[in-house]
Amino acid sequence: MTDTSHLWVREEMLRPEPPPLREAGLVKWVRENLVSSPVNTLLTVAGLLVAVWGIWTAFPWWWHSVWNASSLGECREIVAAAGGESGACWAVIKARWHQFLFGFYPPEHYWRPILTGGLLFAALAPVLFWNDRKSAHMVGFAGIATLAALYAVSANSLAFAATAVIFAVIWVAASLRPASLIWVTGLFPFISIWLIWGGSFWNPVNQLLAIALGALVARVYYNNTSKWLNDAFALVIALAAAYVASVVIGYSDAISTDFFGKLREASFWQGFGQQSDNVFSMVFGALASVLVMALTAAIWLLLAITYVFSAVLNYNLADLAGLIWGETPPEWAGSAWAGMISLGALLAFALVFVAARNRSVVIGILAGLLAGGGWLLYQAPKMVTYMATDLPLTIAPVSSNMIGGFLLALIIGVTAIAASLPLGIMLALGRRSDMWLMKVLSVGFIEFIRGVPLITLLFTASLLLQYFLPPQTNFDLILRVIILAALFSAAYLAEVIRGGLAALPRGQYEAGDSLGLTYWQAQRLIIMPQALKISIPGIVSTFIGLFKDTTLVSFVGLLDPLRGVTTTVRADINWKGIYWEPYIFVGAIFFIICFGMSRYSMYLERKLKTDHR
Amino acid sequence: MTTAQKQLQIPGEIAIEIRKMNKWYGQFHVLRDIDLTVARGERIVICGPSGSGKSTMIRCINRLEEHQSGDIIVDGTELTNDLKNIDKVRSEVGMVFQHFNLFPHLTILENCTLAPIWVRKIPKKQAEETAMHFLTKVKIPDQALKYPGQLSGGQQQRVAIARSLCMRPRIMLFDEPTSALDPEMIKEVLDTMIELAEEGMTMLCVTHEMGFAQAVANRVVFMDQGQIVEQNAPKEFFSNPQSERTKLFLSQILGH
Amino acid sequence: MAFATSRAEASKGGFRLSMLIYDTRFRAITLQVVALILFLLFIGWLTDNVIRNLDAKGKDINFGFLWVRAGYDIEQTLIPYTNDSSHGRAVIIGLLNTLVVAFFGCILATVIGVIVGVLRLSNNWLISRLMTIYVEIFRNVPLLLWILLTFVVISETMPAPAAFKITPAILESRAALEGIEAQAGGNGFWSRITGLQTLSLPFFLWLLALIGISASAWQYARSRLDAGKAALIAAIPAVLWIVAALTVFSPSLSPVLADSEASAIGPTEPAASKFFFDSIALTNRGTNVPAPLLDRPLGGTEIVSVPVNYSVLAVIAVIIVSVLANRSVIRRANKLQETTGTRPTTWWISLLILFLPLILLLVALGLHWEVPAFPVNDEGVSQGFNFRGGIQVMHSFTALLIALSLYTSAFIAEIVRAGIQAISRGQSEAAAALGLRPGRTMKLVILPQALRVIIPPLISQYLNLTKNTSLGIAVSYLDLRGTLGGITLNQTGRELECMLLMMLIYLTISLIISSGMNAFNSAVKLKER
Ligand SMILES: Nc1ncnc2c1ncn2[C@@H]1O[C@H](COP(=O)(O)OP(=O)(O)OP(=O)(O)O)[C@@H](O)[C@H]1O
Ligand SMILES: [Mg+2]
């Protein structure tokens, strides 16, 4: 310890020196990145071979691109005249680009989808960049791009002016207060539907009114401090619930009446067992019959129990009715279901009343929906006709089968994406729920959707939905496809989000609980923001998948850009035999959108990470 | 062990009363006949070997765990299966965890205002003022706009304390608040807790910081194998432990 | 005391209705009962609608059509099928077609995907960039585009079968050319060198490869030897490569002499030729590949009108037995290592056990390949309109297979990359610190961990690929979707039955695959403990 003969102290620090030449600059880079080992050298050469071969073969084709021609034949002549062996014939894109983009949308109305597209960017800005100043830049950029696009399709001056004014207003608002853009996001769905499909302006106004009404009702219910108002509210909504319950139970009366008889008539299991010479058919038939019967039995069992229960109740009820009304009880008292209807209504009333008095969030939402839905169903049509006579703000309606190309892909993609996120969250929560039934239902739904190809679901939308909905219901094919696509991606999202939820530590739930937050508050404020953040890559790749899958709608007869439009173009006598150009064009647009989305998700991940860690 | 139990004088109003409380995890009997009464303003330190059920007991008090028999009455509200009672108790009782459990996606300020805004329904402005008040009190007002990940462990734990205080709880539960911290950070958290104690907050604290117990506690509760083995005033507890288990435990914990 | 009253009220107050919602004991039950009732009502509503709709259309639900004559042809079938067969059999044919594409697709996609994924991680800048481009391009463009494009390209750019024919004109030109070459003094080695087309793509590529090979060889040799010897060693592959080029690829490097006399002669080769040792022909009608034939087949039988081939069964049996035998060899080696500490070399025994019995069996059965070809007459002129012999693979199949595997391989590449990256560098360093050689490190440390990360998403990619085979409809590939959900559905008009059956089948396939995945997951989890 005391021996200090080894002690040596540096007095002066050495200065750093540049590395030797072979350790710096281009030489170093090549040495490290291209020829670091024999295998690496071989790989480099192999890569060069591929690259050279690719460029060498493709370059002349790109070099001899022809932009102005009226047919493939003309293209080839021009290329030959220029001394090329082959050349790209982009003239086909120039001639048909509008179909790739809009399908058969009437050209004089192109400004409508273009304006919608521009507004989409403005609406996305707050979602994509939150309250950054970038939002305003994005709006400005979208406005300029929209005006340029309008110029390209030579839209009329009115559309021009309107667009300019709209974007100017939004831009000013966004610059002053980025948060105000959220209003554009909220209004966008209604405006865009009106713009694309046309019709009376009073339609979106009414939808908005309905929403405002619903929100108002929910807010008043949830935020008022008057006990009296709260009780009145609870009473009203409980009465509505009782009414709905009685209608629903009344309907199950209609279902249950001779349920087996109707089933037999529909002969669910015919065709099996008939061919009993065949082992396969017998086994298969037996299995299918068992399945159908099990399902039927489950439904019927419930109905039967309630029926018997109802009958017992009814016995007393009839007595009661006799007591009150004397000889002639009212009509409903005679129905076998009267007991159940009254009991169900009573129970629904009581439960909803209790929950409503305690300001349950679910009840608030229900009340809002009821109010808004009521307005849409009963009041809106009247108002539209009334207003339309005085002030007909109507633009020409465009039917769904004229919509095609990337317009269609975007409509389906954006809507289904927007709809699938909340659905996916609910399914993920259901799958992680403590409640057995919720879990089973969620798992069943998710596994079913993930187990079948999207095509079969799209066919369900076009062929089967008519069987499962009440007779004579018929609604727009695009809407049906959107619903099925949304369900499809919701199932995938649910799995992605479930992963995110599983990654959260239990302490987060416990902290929420210990602060007295309710389940939904904790989910909304604490759990979901974190779970969704963790799952961003998965969510975005599900979205990308969904957007790519919009091309499959061509199989149910919609005009998607890929198969629908390209096939139409290729069938044209002038462009017969062309294939690279349209596919490259369509592929490039898809690539830009999807690649952009994936890059954006990386940006988002980085941004959310640097924020706090 | 019943013989050695000494009934202590309990002054004033009762904050928490636990009677004959039992809890099982499946077949495993974690808590056995727990009896504990805490008066308002009392500061109790709970200690005991690992796995003795300290965390479980303290978590039963705000219903993070459900007890299966016996009664727990917190601030006059019995913890039953009634959700409204549970919510009421939880908003009256603050809890600080070993691993802080701050919300990493929210700033410090947002962490502190979240519950007051959503549970107490206090206007945002006011909630922020309260939050700043308590953040000042735990001596980190300047970190309010940072995220938890940007703070040191000790700072995080102080934020967690402030977050609980923002709900203006009448009782505070601490579950080993310092055991995930480096030695130099332990002191700053303990100082905060001592300050809180001096203001008369009712506190239940699971900790192995015997210095803290001696300085602050009115009573030390020793648990083993799911039972309360001994409780006593700190001075008595450390100088004159009654049961063999306590002696063994103390010799291990103070021995080195 | 203050709490006494509230306590009595809360716990001993008896049952109140609000407890159904606000008591933790009943809340879940209440919610579930409400949900169950709503769900069953929903199902009942659906069923009721179906019944009423069927009634309105005058239809019923009847699967009897499955045993009715189908009446349509399917071009590519694995088991015998004619248009006299039943719809049910058509369904099975479709299912088999689905499975065949899925099977080969999975294999191809895995091979490509693993290669691309590993190469993407390579520290070679060029290669990793190229692989990134590959992955991004295939991931971000719809699968349907790849299917359509592949199909259109191979069916519109490939030559007609007639282009493969040797016509009398070709024979004449060959004779004429021989005459010229004889005059010019033969077609020796030298003329090939003088005939090198130095400004052509093939030459450039060839040169590049030459440089690469010798550079790599030099680099390798240089690490062990001094510069002079290394140069000598590096020259060996270079010389070999030059010789090989001038003899084997000479037609593309130095094509027919370009002088005026030769150009006056017509083409001496058919416009198109087969590739892969002259055995595979790509035409605009399909791909003709060699067919395996047996001289001494074992015969076969039919079980429930499904043919069973004993020879195939024998091959499968031998493979299974070999694999099992190989396993026991490895197990024995493991045991020996555990007891004695040294591991016997087993690789050649394994090879022998795995392949020798199979080869012997195939020789015994008399396996040979029937190469597709035009029949020729005595002069050597091709006869007929299409290839004879071999198997013609439909373009719809080829396009679907190629597109599916390329598309899926991009996703698999990402999975592989992520899996390998997930194993921290620390792991390999720790293994190296323990003195494990890189090969052992890979096998014992990296792979077991990486596979655990890779396999679950990999299997879900297989699942996706299987489901995506249903896009075959775009190129009229008659898979399950094409038969049951396509022609059969349209012919019988039984949408409900066909769609339900189809979903059921797809669902079954998916569930089988994903339960396999779950089994794997739980096996891995068990090992973790
Ligand atoms: N969720 C659970 N399920 C089953 N057993 C549990 C669970 N949580 C805790 N236990 C068991 O209950 C016993 C008491 O656990 P508790 O966490 O209360 O101990 P502790 O006294 O806080 O210990 P420590 O000082 O290590 O925190 C332990 O034996 C533990 O294994
Ligand atoms: Mg603990």
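Please read these numbers as outputs of a predicted model, since none were measured by experiment.

Reading the values: rules and limits
- Residues numbered from 1 in each chain as written.
- Chains lettered and ligands numbered in written order.
- Predicted model: local features only at pLDDT ≥ 70, side-chain atom pairs only at ≥ 80, totals over all residues.
- Heavy atoms only, no water.
- Helix = DSSP H or I, 4+ residues; strand = E, 2+ residues; numbered from the N terminus.
- Buried < 20%, exposed > 50% of the residue type's maximum accessible area, 1.4 Å probe, protein only.
- Polar contact = N/O pair within 3.5 Å; in protein donor to acceptor, adjacent residues only side chain to side chain.
- Contact = heavy atoms within 4.5 Å.
- Disulfide = S-S within 2.5 Å.
- Buried area = accessible area lost by both parts, 1.4 Å probe.
- Salt bridge = Lys/Arg side-chain N within 4 Å of Asp/Glu carboxyl O.
- Nonpolar A, V, L, I, M, F, W, Y, C, P; charged D, E, K, R; others polar.
- Pairing = 2+ DSSP bridges.
- Axes fitted to C-alpha atoms, helices over the stretch in contact; angles between N-to-C directions.
- Bend = angle between axes of the 7 residues up to and from the residue.
- Near = heavy atom within 4 Å.
- Areas by Shrake-Rupley, 256 points an atom, 1.4 Å probe, with all protein chains shown as cover.

(A) A look at the side chain of C:Asn326. All names here are of chain C. For asparagine 326, the location among the structural elements is in helix 13 (residues 310-340). When its relative accessible area of 11% is taken as the criterion, asparagine 326 is described as buried. One polar contact links asparagine 326 to serine 350, side chain to side chain, over a distance of 2.7 Å. Setting aside anything within four residues of it in sequence, one finds asparagine 326 in contact with Ser350, Ile353 and Leu354.

(B) Representation of the state of the cysteines in the model. One pass over the full model with this rule turns up one disulfide over all chains. With its sulfur 1.9 Å from that of its partner, A:Cys75 forms a disulfide with A:Cys89. Its S-S torsion of about 65° marks the bond between A:Cys75 and A:Cys89 as right-handed, since a negative value means left-handed. Remark: A:Cys89 occurs in the loop between helix 3 (72-81) and helix 4 (91-102) and A:Cys75 occurs in helix 3; sequence separation between them is 14 residues. Accessibility assignment for this pair places A:Cys75 and A:Cys89 in one class, buried. Lacking any disulfide linkage, B:Cys112 is separated from the closest cysteine sulfur, that of B:Cys166, by 4.4 Å. What makes B:Cys112 buried here is its relative accessible area of 0%.

(C) Geometry of the interface of chain C and chain A. Chain C puts 88 residues into the contact, and the matching count from chain A is 94 residues. Roughly 8600 Å² is buried in total at the junction of chain C and chain A, and carbon and sulfur atoms are behind 75% of that figure. In this structure, C:Glu156 engages A:Arg570 in a salt bridge whose closest nitrogen and oxygen atoms are separated by 3.2 Å. At the junction of chain C with chain A, the criterion picks out 21 residue pairs in polar contact (both at pLDDT 80 or more). Of all the elements, helix 3 (residues 24-57) of chain C adds the most residues to the side of chain C that touches chain A, at 23 residues. Within the side of chain C that touches chain A, the residues separate by chemical class into 56 nonpolar, 20 polar and 12 charged.

(D) Layout of the sheet that holds strand 10 (residues 227-232) of chain B. Residues and elements named next belong to chain B. Taking strand neighbours across the sheet as the criterion, the six strands line up as 6-7-8-3-9-10 in an open arrangement whose pairing is mixed. Two strands in the sheet have a free side with no partner beyond their single neighbour: strand 6 (93-96) and strand 10. The average undirected angle you get between the axes of adjacent strands in this sheet is 20°. The pairing of strand 3 (residues 43-47) with strand 9 (residues 219-224) spans four bridges and is parallel. Bridge pairing in strand 9 places cysteine 47 opposite phenylalanine 222. Strands in contact with helix 9 (residues 244-254) are strand 3, strand 9 and strand 10; relative to strand 9, the strand with the most contacts, it is inclined by about 100°.

(E) A look at helix 21 (residues 519-534) of chain A. By the largest-angle criterion, A:Ile527 marks the main kink of helix 21 of chain A, which is about 50°, and a proline, A:Pro529, follows within four residues. Those residues of helix 21 of chain A lying buried are A:Gln521, A:Ala522, A:Gln523, A:Leu525, A:Ile526, A:Ile527, A:Met528, A:Gln530 and A:Ala531. Among the structural elements, helix 16 (405-431), helix 19 (477-503) and helix 20 (506-514) of chain A together with helix 3 (108-118) of chain B are those in contact with the buried residues of helix 21 of chain A.

(F) Fine view of the site of ligand 1. All names here are of chain B. Taken together, the neighbourhood of ligand 1 is formed by Tyr25, Phe28, Val30, Pro49, Ser50, Gly51, Ser52, Gly53, Lys54, Ser55, Thr56 and Glu176. Within the backbone of glycine 53, one N or O atom sits 3.0 Å away from an oxygen atom of ligand 1. Expressed as a share of its isolated accessible area of 630 Å², the protein-covered part of ligand 1 is 59%. Secondary-structure elements contributing two or more residues to the shell around ligand 1 are strand 2 (28-39) and helix 1 (54-61). Residue contributions to the shell around ligand 1 peak at three residues, all from helix 1. By residue class, the composition of the shell around ligand 1 is four nonpolar, six polar and two charged.

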